[in-house]
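# Chain and residue survey
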Amino acid sequence: MTYPFIKAWIPSFDNKRSMDIDVSALKPGEQKIVHWLGRNVLLLKRESASIENLPVSTDSLKDPLSDQSVQPELARNPYRSLRPELFVTFTNCTHLGCEVVPKDQQFKCPCHQSDYDGAGRVLEGAAAPRNLDIPNYRYLSNQLIRLEQLDS
Ligand code: FES
């Protein structure tokens, strides 16, 4: 009889090694945030202007080629994503871990004002030392993403 009460006090840990996310409802400019492995993951449907700008707007970036980034191989391109139209990123600022805020297809950290572009690449002058971390994922279909933890 006391089990339901006790169960309510047990913290729930989101430790699944994989998570499937339906992105079919996202329209350009819209985003979705899920909680996975104790962190928030943001999925942003990019607008076409953002997709066109990312490969060419690299002048003010701290690490344009993401050499210092924590990311899987799938993100080693100017979009830092498997497909240019969908950006998938952890939302923790790489300075001290605050949650970045998306704004106009870019990201800003409210704690010490680090700015990131639409691929989560940190801008010069920011306190953050590297680009936003990218989770490992793959497409199960055109509308379904699977986040998957890599074996370390
Ligand atoms: S935690 Fe983001 S800039 Fe300091």
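The model shown is predicted, which means the values in this text are computed figures rather than measured ones.

### Overview of the overall build of the protein chain
Across its full length, the protein chain holds two helices and nine strands. N-terminal to C-terminal, the α/β element order of the protein chain is α-β-β-β-α-β-β-β-β-β-β. The buried share among the 152 residues of the protein chain stands at 28%. Pairs at least 24 residues apart make up 54% of the contacts formed inside the protein chain by residues separated by at least 6 positions.

### Comments concerning the nonpolar core
Most often, soluble globular proteins keep nonpolar side chains buried together rather than apart. By size, the foremost hydrophobic cluster in this structure holds 24 residues, and its most contacted members are V41, V88, V100 and L132. Contributions of two or more residues to this core are made by β3 (39-45), β4 (86-90) and β9 (144-148). When neighbours within four sequence positions are excluded, L132 is seen to be in contact with T89, F90, T94, V100, F107, Y116 and G120.

### Comments concerning the sheet that holds β4
Strand order in the open sheet made by the three strands is β2-β3-β4, with antiparallel pairing throughout. Looking along the sheet, the strands with just one partner apiece sit at the ends: β2 (31-36) and β4. Ignoring which end each strand starts from, the neighbouring axes of this sheet average 20° apart. Summarising the sheet, β3 and β4 pair through five bridges and their orientation is antiparallel. Among the inter-strand pairings, L44 is bridged to a residue of β4, identified as F87.

### Here we look at the confidence of the model for the protein chain
The predicted model of the protein chain averages 90 in pLDDT, with 89% of residues at 70 or higher. By mean pLDDT, the top-scoring element of the protein chain is β4 (98), and the lowest-scoring one is helix α1 (residues 3-9) (45). Scored below 50 in pLDDT, residues 1-13 shows zero contacts in the model against residues more than four places distant or in partner chains.

### Quick notes on the pairing of β9
By the alternation rule, side chains of β9 split into I145 and L147, which are all buried, and L144, R146 and E148, of which none is buried. Two strands pair when backbone bridges link them, and strand β1 (residues 18-22) and β9 are joined in this way by five bridges, in the antiparallel orientation. What sits directly across from I21, in β9, is I145. Where strand β8 (residues 137-141) folds back on β9, the antiparallel hairpin that results is connected by two residues.

### Regarding the sheet that holds β1
With antiparallel pairing, three strands are arranged side by side in an open sheet as β1-β9-β8. Each edge of the open sheet carries a strand with a single partner, namely β1 and β8. Strand-to-strand, the axes of this sheet are offset by a mean angle of 25°, without reference to chain direction.

### Points about the environment of T94
For T94, the position within the fold is in the loop between β4 and β5 (101-103). T94 sits in the buried class, given 23 other C-beta atoms within 10 Å. With 25 residues separating them in the primary sequence, T94 and S69 have C-alpha atoms 9.6 Å apart. When near neighbours in sequence (up to four residues on either side) are disregarded, T94 contacts V122, A128, P129, R130, L132 and D133.

### A look at the environment of S18
By secondary structure assignment, the location of S18 is in strand β1. Beyond its immediate chain neighbours, meaning those up to four positions away, S18 contacts R146, L147, E148 and Q149.

Quick notes on the rules
- Residues numbered from 1 in each chain as written.
- Predicted model: local features only at pLDDT ≥ 70, side-chain atom pairs only at ≥ 80, totals over all residues.
- Helix = DSSP H or I, 4+ residues; strand = E, 2+ residues; numbered from the N terminus.
- Buried ≥ 20, exposed ≤ 12 C-beta atoms within 10 Å, placed from the backbone.
- Contact = placed C-beta atoms within 7 Å.
- Core = buried A, V, L, I, M, F, W, Y, C linked by C-beta atoms within 7 Å.
- Pairing = 2+ DSSP bridges.
- Axes fitted to C-alpha atoms, helices over the stretch in contact; angles between N-to-C directions.
- pLDDT = per-residue confidence, 0-100.

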